[in-house]
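Inside the fold
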Amino acid sequence: MGRGGQNYGKKENLGGGEPLDEGVFPAWSKDVRECEERFQVNQEFGLSSEEADRRRKEYGLNELEKHEGQSIFKLILDQFNDTLVRILLVAAVISFVLAWYDGEEGGEMEITAFVEPLVIFLILIVNAIVGIWQESNAEKALEALKEIQSEHASVIRDGKRVANLPAKELVPGDIVELRVGDKVPADMRVLRLISSTVRVEQGSLTGESEAVSKTVKVVPENSDIQGKKCMVFAGTTVVNGHCICLVTQTGMNSEIGKVHSQIHEASQNEEDTPLKKKLNEFGEVLTLIIGVICALVWLINVKYFLSWEYVDGWPRNFKFSFEKCTYYFEIAVALAVAAIPEGLPAVITTCLALGTRKMAQKNALVRKLPSVETLGCTTVICSDKTGTLTTNQMAVSKLVANGSRAGTLRAFNVEGTTYNPFDGKIQDWPAGRMDANFQMIAKIAALCNDAGIEQSGNHYVASGLPTEAALKVLVEKMGLPEALNIGSTSGLGDVLRCCQVWNNTEARIATLEFDHDRKSMGVIVSSRSGNKSLLVKGAVENLLERSSFIQLVDSTIIALDQNSKALILESLNEMSTSALRCLGFAYKDDLPEFATYNGDEDHPAHQLLLNPSNYASIESQLIFVGFVGIRDPPRKEVRQAIEDCRAAGIRVMVITGDNKNTAEAICREIGVFGPFEDISSRSLTGKEFMDVHDQKNHLRQSGGLLFSRAEPRHKQEIVRLLKEDGEVVAMTGDGVNDAPALKLADIGIAMGIAGTEVAKEASDMVLADDNFSTIVAAVSEGRSIYNNMKAFIRYMISSNIGEVASIFLTAALGIPEGMIPVQLLWVNLVTDGPPATALGFNPPDTDIMRKPPRRSDDSLITAWILFRYLVIGLYVGIATVGVFIIWFTHGSFLGIDLSGDGHTLVSYSQLANWGQCHTWEGFSASPFTAGSQVFNFDANPCEYFHSGKIKASTLSLSVLVAIEMFNSLNALSEDGSLLTMPPWVNPWLLLAMSISFGLHFLILYVPFLAQVFGIVPLSLNEWLLVLIVALPVIIIDEILKFVGRCTSGLRNSRARRGSKHKAE
C-alpha cells in the first residue's frame, strides 16, 4: 500500500498538527473524546476532502502490499540448486561435447551419440517445469488475503455521508458507518452505538468461536486482540447492529496487514523437506564418490594414453595420445552416468503422486507433493481448536427444565455436534408428550430467535448468531406436543418444521434487543386470540434477578424462593465449569401497557420500546422456565485420533484464540489432558507463554500442551521454536489468523469446508472433511510412503553401485568397455523405472502407527545398508564383467554351450591387453552370427575387440537387467526374508518386472532399436547363462538380511546412543 506499510510504528503526523509520539496510538485505551482529538476529527462532520487527500499521500492507499514475486529467470535457476541435478547437468554437457567431437573426427554424427545428453536434458527440463509450477503457486495465499478486504465503505466527509466510497481511499481519522452484513474496511475505534448492540464475527482473525459484542468503553492498554472490545478489525463482518467508528489503522498497519506481512515473511523462510535434505546430502556424497572413482579410473589407465622413458633417473620423451585420453575420459563420463540414479527424481515424483491419490481417497488433499513424505516424520501436531478439534457449529448439549414441585429440576443430555436437526436426539426425552414447561421452553427458543438454518448439499449451514441457530436445532429435537403435531401438516419438508409451527401459533410484534447491561433479549408476541406475551432469553443469573416466579411441569406458577434459586444457580455453576455457555428462558403474560399494541408506531406503548433504558423494567416480574448449556462441541472421532497420535509417538499441542476455560474443558474431553490432571504448567495463554523464561524447555514437556488466547504472532513463534528444536511440525488451522503459522510449519494443514481461502492457499494439505482424524490417517500413509521410497531408493542405489563396479572393474582389468553410456541410461531410466515405482505399492507394516516417528536427521541409508549394497554392487560388477570375459574366453560354462555362433576364443591375457592387438603376429578372428547379422573381421582382426564385442556387451547388459529385476525382490523388505514376505504380497512388482523384461526384449529383438543401443539378439543357451549368473544375487542378499536380523538389536542401541550424544 505504498508508504503506509513503511511508517508502521514510526512518528506520524496528522492534519498538519503536532507529530504523534513514537509507537502506535492505543485507541482502545482512550475515550472517544481523546480519540477524536488525536485524529483531529469530529464524528458529526468527518474529515474534509482536502485533509483526506493529504493523509492519503502521507499514508498511502488502504490496501495490502503487493510483494514482488521471484522472476522467472530466478525460479529457473533455483531448480538447478540441487546437487543431483547439477551432477546430471555436468554429465549431459560433457556427453554432448564428446558426441560432437567424435562426430567431427569421424566425419559423421550418429544420432545415437546424442541420445544420452538429450535424454538427460529432457529430464532436467521436465523437473524444472514441475518445480516452477509449484513455486508460482506459493504466493497465492497473499492474493486470497486481499479478497477478504472490504471494497466499499459508508463514510462521513465534509459533513455529508458518502455511501460507496472505495475502501482503499480510507485514511486514519475517517468516520465510517457500519451496519449488519458490512465487511469492516479498516481497523477502527467504535465511537457510538446506534443500535443497542453491535456484534462482529471475527473468529477467522482471532479464533474465537462466537460473535463478539462491541462497546465504546475503554479497555486496558495491554489488552490482547480478543480483549479490544471497542475496536473492529479489517476483514471481519458485522452480524448485528449499527454503529459509527473512527479509522485508526489502514492497509499494512491493520491487523490483517500484519498477518499479510507474517505470511510473506514465513514464505521467505521455507525450508527443504526432510527427504530433500537427505537427497541433497546423498547427492553431495555421490559427487565425492564419483569424483574419486573417475580419478582412479583415469589413473589406472594413464599408461594407455601417457607414456615416458627414464633418462638419468628423470622422466623424458613423453608420448601423449589424445584419442586414447578422450576414450578413457568417455569411460569416466559413462561411470558418472552409471553412478547417478537418473530415474530417481521421476520415480520419487510418481510415488508421491500415487501417495496423493491414496490420501485424496481419505479426504486429505495434498497441494504440494513433498508434503506427502514430510507427514511421515511429523513429531508434533499443533492444532487449532475451533473448527478442527471442534465442529465450529454451536450445539445444545444440556437442557434443564423445572420439576413437578418447588426445589426440583429435570436435566437432559442432548446429542449431536452439528446444525443438522437429525444429528442425535435428547436422551430419555418423552417424545410427543411435552408438558407445559417443555412447550414454553420450545416456544421461547423458537420465537425469541433471529437465526436460520439451511441445507447445503450434505451440510447444514446457519445464518445469524451460532447460539441462536443451536436453539432452533434444539426445538427440532424436542419435537411438537400432540395438539400441534396433528394440525401441522404443512412444511413437513422444512429443516426447521417445529420452529415454523411455533411461529404460526404466535406472531412477533416487537423486539427488545440484547444489550450488555440486561444481558438478555426479549420479544413481544401476540397469539391468535390477541393475548400478548413477553418471551425472554439471556444470561441465567440476570434472568433470575428479574424473575419472581417459576413454571412447573403442569403449568402451575409458583413464587421463586431462595431454595429454588440456589438449586438453579448450583446447576448453572456445574455446567459453566464444563465450559458450557448457559442461556435461560423466562416469560410474562401480564403486559397491561401492550394489551392493545399491534406494532403501530402511533400506539403509546411504542414510545416505551424506542428507549432501550425501559427494557429492564418491561422484563421484570418474569416467570423462569429453564435453561440450556451450549458449546462448540468436539468432533466425535477426535479422542480416538489423539490416542492414535500418542501411540505413534506424536505430541499434540492445541493453539487457539478462544478463552482458556473453554479450551481446557475441550482438551480434557478429547484426551489431550486427563480428566483430573493438574494442567497449571501445561495450559498458558499466548501472552503468558511469551513471558516464559525458557520457552523451548516448556515446549519439550511430554504429553499435551494448550495455548489459549493465542494471536497469529504467538502461533508463529511456537512453530518457529519447535522447528529450531529439531521437531517436524504439522500445523492445522482454518482462519486468517492461522495462515502465517501454516506457511511457516513443515506441513500446513487447512480445513476444506470451514477454512478461509487464505488458510487453504497458505497450506500444504487441505482436509476435505475438516476432520482431525484424517490427519492421523494421512500420517500413517506418509510413513508407509516413506518406507516404500526407502525401498526403491535402496533398490536404485544398489543397482547404480553395481553399474559403477562394472565400469570400474572393466577399467581396472583393462578389458574392452562392456556397456556404453546409452545402455546404462536405458537401464537407469526405463528398465529400473517400473520396478522402482511398483515398490511404492508395498503394503504398509501392520505396526506402522505404533512406532515412534523417525527423526528428521535419520540417515536415508545406514552404514549397514550401505555395506550390504556395496556387497551386492560388487557382485553385480563381477557378474556383468565376468559374463563378458566368459564369452570371449570360454566355449562352454557350467555345461552351457556358447560356441554355437562360431565366435573366436581368446585367452584372458589377450583380452586384458587388447590394445596391443596390432602387434600380435598371426592373430585372426573368425566371423560369427548374431540373429540375422554376420560379423566379419577379415579386413582388420583387431576390430574383433571393438565391433566384435557386441554379443559380449549384450550379455553384460542382459545380466545387469536380470540382476536388477531379482534385486527388486530383495527390496520388498529392508530385513525381511522373501520366505516371510514373498513376491506376491506386491503383485504390482511382478507386473513391473514383466514390463521391464518386455522392454528389454523389445530393444533386443526389434532391429532398429537393437542398432540404436548397440546390441544383438541372444540364443536360448545365452539366456540360460544370463539367468545362472544373475540368480545368486537373491541368495547373497538373503544371507546379508539374516545377518542384519541377528545384529539389529546391537546396531539400534548404538544408533540410540549416538543420537542421544548428538542431542546433548
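Residues numbered from 1 in each chain as written. Predicted model: local features only at pLDDT ≥ 70, side-chain atom pairs only at ≥ 80, totals over all residues. Heavy atoms only, no water.

Attention now moves to the environment of Ile623. Mapped onto the elements of the fold, Ile623 is located in strand S24 (residues 622-631). Using a relative accessible area of 10% as the deciding quantity, one classes Ile623 as buried. C-alpha separation for the pair Ile623 and Leu544, spaced 79 residues apart in sequence, amounts to 9.0 Å. Non-local contacts of Ile623, meaning those with residues more than four positions away in its chain, are made with Phe549, Ile550, Gln551, Ile557, Phe585, Ala586 and Tyr587. (Helix = DSSP H or I, 4+ residues; strand = E, 2+ residues; numbered from the N terminus. Buried < 20%, exposed > 50% of the residue type's maximum accessible area, 1.4 Å probe, protein only. Contact = heavy atoms within 4.5 Å.)

Further remarks concern the state of the cysteines. According to the stated counting rule, one finds one disulfide in the structure shown. Cys243 provides the cysteine sulfur closest to Cys245, a residue in no disulfide bond, and the two sulfurs are 3.7 Å apart. The cysteine Cys499 is free of any disulfide, with Cys498 supplying the nearest cysteine sulfur at 6.9 Å. Looking at Cys499, the relative accessible area reads 2%, which means it is buried. (Disulfide = S-S within 2.5 Å.)

Attention shifts here to the side chain of Ser996. On the secondary structure map, Ser996 appears in helix H36 (residues 987-1005). Among the residues examined, Ser996 registers a relative accessible area of 0% and is labelled buried. The contact partners of Ser996, leaving out residues within four places of it in the chain, are Val830, Thr831, Pro834, Pro835 and Met965.

Another point: the sheet that holds strand S8 (residues 237-240). The strand order S6-S5-S8 describes an open sheet built from three strands, whose pairing is antiparallel. Strands with a single pairing partner mark the edges of an open sheet, and in this sheet they are strand S6 (212-214) and S8. Ignoring which end each strand starts from, the neighbouring axes of this sheet average 45° apart. Sheet analysis places strand S5 (residues 198-201) next to S6, joined by three bridges and oriented antiparallel. Counterpart to Val198 in the pairing with S6 is Lys214. (Pairing = 2+ DSSP bridges. Axes fitted to C-alpha atoms, helices over the stretch in contact; angles between N-to-C directions.)

The next subject is the sheet that holds strand S29 (residues 747-751). Ordered by their spatial adjacency, eight strands build an open sheet running S12-S30-S29-S28-S13-S25-S27-S26, and the pairing between neighbours is mixed. Whereas interior strands pair on both sides, the edge strands pair on one side only; in this sheet they are strand S12 (364-366) and strand S26 (683-685). Averaged over all neighbouring strand pairs, the angle between strand axes comes to 20°, with direction disregarded. Strand direction decides the pairing type here: S26 and strand S27 (residues 705-708), joined by three bridges, are parallel. Across the sheet, the residue bridging to Ser683 is Leu706, located in S27. The strands that helix H24 (residues 660-670) touches are strand S25 (651-655), S26 and S27; relative to S27, the one it contacts most, it runs at about 155°.

This next bit is on the environment of Ile950. Here Ile950 shows up in helix H35 (residues 950-970). With a relative accessible area of 16%, Ile950 lands in the buried category. Spatially, the C-alpha atoms of Ile950 and Phe935 are 9.6 Å apart, while their sequence positions differ by 15 residues. When neighbours within four sequence positions are excluded, Ile950 is seen to be in contact with Phe928, Phe935, Gly1014, Ile1015 and Val1016.

To continue, consider the UniProt feature "transmembrane region" (unreviewed entry) in the protein chain. UniProt's feature table lists "transmembrane region" (unreviewed entry) at residues 83-101, 113-133, 285-306, 326-354, 861-888, 988-1008 and 1023-1044, given in the numbering used throughout. Taken end to end, residues 285-306 has its terminal C-alpha atoms 30 Å apart, with 91% of it in helix and 5% in strand. Secondary structure content for residues 988-1008 is 95% helix and 0% strand, and the end C-alpha separation is 30 Å. (UniProt positions renumbered as here; feature names shortened; annotations may be inferred.)

We now examine the packing of aromatic side chains. Using the criterion set out here, one finds 21 aromatic pairs in the structure. Through pairs of rings, three or more aromatic residues link up here, namely Phe884, Trp887, Phe888, Trp920, Phe923, Phe928, Phe935, Tyr944 and Phe945. Taking the ring centre of Trp28 as reference, the NZ or CZ of Lys228 above it sits at 3.8 Å. The lysine or arginine in question, Arg410, covers the ring of Phe438, its NZ or CZ lying 4.1 Å from the ring centre. (Phe/Tyr/Trp six-rings, centres within 6.5 Å; stacked < 30°, edge-to-face > 60°. Lys NZ or Arg CZ within 6 Å of the ring centre and 35° of its normal.)

Turning our eyes to something else, we now look at the pairing of S24. For S24, a buried count of ten out of ten residues is recorded, marking the element as mostly surrounded by other parts of the structure. Here strand S14 (residues 395-402) runs beside S24; their pairing, made up of six bridges, is antiparallel. Counterpart to Val396 in the pairing with S24 is Ile630. Here strand S21 (residues 547-551) pairs with S24 via three bridges, running parallel. In the sheet register, Ile550 faces S24, and the bridge partner there is Phe624. Pairing of strand S23 (residues 581-588) with S24 involves seven bridges; the strand directions are antiparallel. Bridging from a neighbouring strand, Cys582 pairs with Gly629 of S24.

Turning next to the packing of helix H16 (residues 466-478) against helix H18 (residues 497-505). At their nearest, the axes of H16 and H18 sit 7 Å apart, and the two run at 95° to each other. On the basis of the axis angle, H16 is roughly perpendicular to H18. For the pair formed by H16 and H18, the contact residues are Lys472, Val475 and Glu476 on the first element and Arg497, Cys498, Cys499 and Trp502 on the second. Considering only residue class, the contact of H16 with H18 consists of four nonpolar, no polar and three charged. (Parallel < 35°, antiparallel > 145°, perpendicular 65-115°, else oblique. Nonpolar A, V, L, I, M, F, W, Y, C, P; charged D, E, K, R; others polar.)

A separate point is the nonpolar core. In summary, soluble globular proteins display a tendency toward joint burial of nonpolar side chains. Counting 131 residues, the largest nonpolar core has Phe772, Phe888 and Tyr944 as its most contacted members. Top element by residues in this core is helix H30 (residues 772-813). It accounts for 15 residues. Two domains each put at least three residues into this core: domain 1 (380-390 + 634-770) and domain 3 (783-844 + 861-888 + 950-1057). Contacts of Phe888, omitting those with residues within four sequence positions, involve Thr904, Leu905, Val906, Leu911, Tyr944, Phe945, Lys949 and Ala952. If you look at the next biggest cluster of nonpolar residues, it comprises 54 residues, including Phe25, Met231, Leu684 and Val736. (Core = buried A, V, L, I, M, F, W, Y, C linked by side-chain atoms within 4.5 Å. Domains from an automatic or database assignment.)

Before going further, it helps to spend a moment on the pattern of salt bridges. Once the charged atoms of two side chains with opposite charge are near each other, the side chains can pair. Here the structure, examined in full by the defined rule, presents 30 salt bridges. Notably, a salt bridge pairs Asp53 with Arg56, separated by 2.9 Å at the nearest N-O pair. Residue Asp53 and its partner Arg56 are both found in helix H2 (residues 49-59); the two are separated by three residues, about one turn of the helix. For Arg56, a relative accessible area of 16% puts it in the buried group. A salt bridge links Glu468 to Lys537; its shortest N-O distance comes to 2.7 Å. Placement of Glu468 in helix H16 and of Lys537 in strand S20 (residues 532-538) is noted, with a sequence separation of 69 residues between them. Residue class for Glu468 comes out buried when judged on its relative accessible area of 5%. Linked through salt bridges whose partners overlap, the residues forming this network are Glu51, Arg54, Arg55 and Glu58. (Salt bridge = Lys/Arg side-chain N within 4 Å of Asp/Glu carboxyl O.)

With 21 residues, H35 should cover 30 Å at 1.5 Å per step; its first-to-last C-alpha distance of 30 Å lies within 8% of that length. Among the 21 residues of H35, 21 are classified as buried, and the element is accordingly described as predominantly covered. (Expected span 1.5 Å × (residues − 1).)

On the surface, Leu288, Val292, Leu296 and Leu299 cluster together to form a nonpolar patch covering roughly 400 Å² of accessible area. For Leu288, a relative accessible area of 61% puts it in the exposed group. (Patch = residues over 30% accessible without salt bridge, like charges linked within 9 Å, V, L, I, M, F, W, Y side chains within 5 Å. Areas by Shrake-Rupley, 256 points an atom, 1.4 Å probe, with all protein chains shown as cover.)

Bringing the pairing of strand S1 (residues 152-157) into the picture now. Most of S1 is tucked away: five of the six residues are buried. Sheet topology places S1 next to strand S2 (residues 160-166); five bridges connect them, and they run antiparallel. Each bridged residue has a counterpart across the sheet, and for Val155 the counterpart in S2 is Val162. Following S1, the chain reverses through two residues before pairing antiparallel with S2; Asp158 in that reversal takes a positive phi of roughly 55°.

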